[in-house]
Amino acid sequence: MERKVGIIGAGISGLLACKYTLSKGYTPVVFESRSSIGGVWSKTLETTKLQTPKPIFQFSDFPWPSSVVEDFPSHSQVLDYLQSYAHHFGLLRHIKFNSKVLSIAYEGPPEEEMQAWELWGGAGEPFGSKGQWNLTVNDIHNLSTEVYQVDFLILCIGRFSDVPNIPEFPAGKGPEMFHGKVIHSMEYAAMDFERAVEFIKGKRTTVVGFQKHALDIAMECSTANGGEHPCRVLYKTERWTLPDFQPWGVHLAYLYLNRFSELLIHKPGEGFLLSLLATILSPVRWGFSKFVESYIKRKLSLEKFGMVPKHNFLNAISSCLISIVPEGFYDRVEKGSIILKKAPEFGFCKEGIVVDGESTPLETDLVILATGFKGDEKLKDIFVSPTFRDYIIGSPTASLPLYRECIHPRIPQLAVIGFSESISNLYTSEMRCRWVAELLDGKFKLPSINEMEKDAERWDKYMKQYSGEYYRRSCIGAVHIWYNDQLCKDMGWNSKRKKGFIPELFQPYGPMDYCPS
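Every value quoted in this text rests on a predicted model; they were computed, and no experiment measured them. (Residues numbered from 1 in each chain as written. Predicted model: local features only at pLDDT ≥ 70, side-chain atom pairs only at ≥ 80, totals over all residues. Heavy atoms only, no water.)

A.B. asks: Before we move on, can you summarise the nonpolar core with the specific residues and values?
C.D. replies: Counting residues in hydrophobic clusters, the biggest one holds 121 residues, and the most contacted among them are Tyr188, Phe313, Phe329 and Trp435. Among the elements that make up this core, the one with the highest residue count is helix 15 (residues 425–440) (nine residues). Those residues in contact with Tyr188 that sit more than four places away from it in its chain are Leu45, Ile183, Ala196, Phe199, Ile200, Ile217, Glu220 and Ile368. Ile104, Val137, Val150 and Ile392 belong to the second largest nonpolar core, which has 27 residues in total. (Core = buried A, V, L, I, M, F, W, Y, C linked by side-chain atoms within 4.5 Å. Buried < 20%, exposed > 50% of the residue type's maximum accessible area, 1.4 Å probe, protein only. Helix = DSSP H or I, 4+ residues; strand = E, 2+ residues; numbered from the N terminus. Contact = heavy atoms within 4.5 Å.)

Have a look at this one:
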């Protein structure tokens, strides 16, 4: 009997899930709410570029074309690359476009029976519980609704789209008090370039946030209005933004993306010797961080602008909170077409924004909230079952309780791909999709529910130690190789991918090291 595999989302993770389940003989159905593939890359800012050097951001069996010579390709080049991948592997015929999944409901054993299971799905296998997932899908074109049944479901819905994170304000200090316009960056990104320029032209604009989207929007506003109407950037915390990936001429991959760099860090599930080594080498870990920080501070003149972060660079990379600063950003700060303003707390008034502790309002015409997205809420709300909603989110004081960042031990016949972050999400998602495909193919079984939950707790402890307050981002950025080693061991692969001891220890790891043989 043919097993039906459903995949929600045709972004990077969804395409990879489709490709690798196909390779195992399944016929997946991919539900995509938009009219095209690419996820966040299908509609973004005109000036957005890739944040990771392309050798780290590529498919292991489908390299970038030689025509793309830039280290950080533009968003249109990234989208072309994804479309080429989908065409090359024949993925498009498996995608139902304009099909929005409204909800997913599990039809199987009663909850009491499932709660008594010692193994995932009752038997530790992907199809062990004889249940099915019912997907309620809305056809956006004809507004009809249909229910699809699948035997295994892979959620590739992403965490940086659809559900905007709008800050909460005290009564009388919210956007309703403001006589200008307030939008989220999601609305701005949905505009085409000409409309976006027209929208911001001649307006005193304030951008709230200091992540990549905020900086790109500030640059576009600065380009449109120059010094006549400077773009104000309101930020809560200073961030480490990289001018490039070559601090003092040393590629960042040699400092953070090889096995030696991971010896400096306490890793989840490590033994006594590795733990001892990480403790002994902690001065080296500190030195690496200071080495990168000194370069960024010098290159971007951060002290001059009062923008030196209080946290170290290791914390930033462990939280996946690093980005490439747009070229010329601080030059525009110097010239006055971009104004930086620290505002841990603020509210709205008739004229614009009032920063807590200040009496004079910051007059503005337009506020763009580049404040991110509620990925947790998006993931939770797709489930019908209140029990599964509670399971998938877990404790608010812990990272998402996913084994191998893919499987919830108490939710059967389901995997989540692309929620946990890394320095290169494409590279990470490909490894996870290969792992899930091997699981579906019966190449290995999962440990007991109790063992998986304990493993998730170990990863939660690691994330809190190195990511600090940002542990909910579930970032594996500083232990990518260690994480891949666990996947390789599960799949029966050799986790050592280099030739020789020295290359294995010091050469950076990337997607091509896991190229299918």
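Still more to cover.
A.B. asks: Explain the packing of helix 9 (residues 272–280) against helix 10 (residues 282–300) to me, using residue names and the numbers behind them.
C.D. replies: Relative orientation of the contacting elements helix 9 and helix 10 amounts to 55°, with a least axis distance of 4 Å. In this view, helix 9 runs oblique relative to helix 10, as classed from their interaxial angle. Contact residues: helix 9 offers Ala278, Thr279 and Ile280, while helix 10 offers Ser282, Pro283 and Arg285. (Axes fitted to C-alpha atoms, helices over the stretch in contact; angles between N-to-C directions. Parallel < 35°, antiparallel > 145°, perpendicular 65-115°, else oblique.)

A.B. asks: Could you give me a rundown of the pattern of salt bridges, with the residues and numbers involved?
C.D. replies: In this structure the tally under the stated criterion is 23 salt bridges. The residue Arg204 makes a salt bridge to Asp365 at a minimum N-O spacing of 2.9 Å. Of the two residues, Arg204 is situated in the loop between helix 5 (193–200) and strand 9 (205–208) and Asp365 in the loop between strand 16 (362–363) and strand 17 (366–369); the sequence distance between them amounts to 161 residues. For Arg204, a relative accessible area of 32% translates into the label partly exposed. Judged by its relative accessible area of 28%, Asp365 is partly exposed. Arg404 serves as the salt-bridge partner of Asp490, at 2.8 Å between the closest nitrogen and oxygen. Placement of the pair is Asp490 in helix 17 (residues 480–491) and Arg404 in the loop between helix 14 (386–393) and strand 18 (414–416), with a sequence separation of 86 residues. In this structure Asp490 comes out as buried when scored by relative accessible area, which is 19%. Put simply, Lys24, Glu438, Asp441 and Lys443 are held in one network by salt bridges that share partners. (Salt bridge = Lys/Arg side-chain N within 4 Å of Asp/Glu carboxyl O.)

A.B. asks: A description of the sheet that holds strand 6 (residues 145–150) should follow, citing residues and the corresponding values.
C.D. replies: Taking strand neighbours across the sheet as the criterion, the three strands line up as 4-5-6 in an open arrangement whose pairing is antiparallel. A strand with exactly one partner marks an edge of an open sheet, and here the two such strands are strand 4 (99–107) and strand 6. Each strand axis lies, on average, 25° off the axis of its neighbour in the sheet, ignoring direction. Across eight bridges, the pairing between strand 4 and strand 5 (residues 132–139) is antiparallel. Across the sheet, the residue bridging to Glu107 is Gln132, located in strand 5. (Pairing = 2+ DSSP bridges.)

A.B. asks: Residue-level account of helix 6 (residues 212–225), with values.
C.D. replies: With 14 residues, helix 6 ought to run about 20 Å at 1.5 Å a step, and its terminal C-alpha atoms sit 20 Å apart, in line with that. For helix 6, a buried count of twelve out of 14 residues is recorded, marking the element as mostly surrounded by other parts of the structure. Along helix 6, the residues classified as buried are Lys212, Ala214, Leu215, Asp216, Ile217, Ala218, Met219, Glu220, Cys221, Ser222, Ala224 and Asn225. (Expected span 1.5 Å × (residues − 1).)

A.B. asks: Give me the lowdown on the environment of Leu274, citing residues and values where you can.
C.D. replies: Among the structural elements, Leu274 can be located in helix 9. Classification of Leu274 as partly exposed rests on a relative accessible area of 27%. Remark: the alpha-carbon pair of Leu274 and Leu263, spanning eleven residues in sequence, is separated by 7.0 Å. When residues no more than four places from it in sequence are discounted, the contact partners of Leu274 are Leu263, Lys267 and Trp482.

A.B. asks: Describe empty space enclosed by the protein, naming the residues involved and giving the relevant values.
C.D. replies: Overall, the coordinates contain three cavities of 30 Å³ or more when judged by the stated rule. Taken together, Glu111, Met114, Gln115, Trp117, Thr387, Phe388, Tyr391, Arg410 and Ile449 make up the lining of the largest cavity. Contributing elements (two or more residues each) for the lining of the largest cavity: helix 3 (111–115) and helix 14. Roughly 40 Å³ of internal volume is contained in the second largest cavity. Broken down by secondary-structure element, the contributors of at least two residues to the lining of the second largest cavity are helix 7 (253–256) and helix 10. (1 Å grid on protein atoms, 1.4 Å probe; cavity = no way out; pocket = protein on both sides within 12 Å on 5 of 7 lines; lining within 4 Å. Points joined across faces, edges and corners; volume = space filled by probe spheres on them.)

A.B. asks: Give me the lowdown on the state of the cysteines, citing residues and values where you can.
C.D. replies: Under the defined criterion, the tally for this structure stands at one disulfide. Between the sulfur atoms of Cys320 and its disulfide mate Cys475 the distance is 2.0 Å. Disulfide Cys320-Cys475: the torsion about the S-S bond is 75°, which places it as right-handed. Taken together, the residues span a long stretch of sequence, with Cys320 in the loop between helix 11 (313–318) and strand 12 (323–324) and Cys475 in the loop between helix 16 (449–467) and helix 17 at a distance of 155 residues. Summarising the burial analysis for this pair, Cys320 and Cys475 share the class buried. A disulfide-free cysteine, Cys156 has its sulfur positioned 5.6 Å from the sulfur of Cys433, the nearest such atom. When its relative accessible area of 8% is taken as the criterion, Cys156 is described as buried. (Disulfide = S-S within 2.5 Å.)

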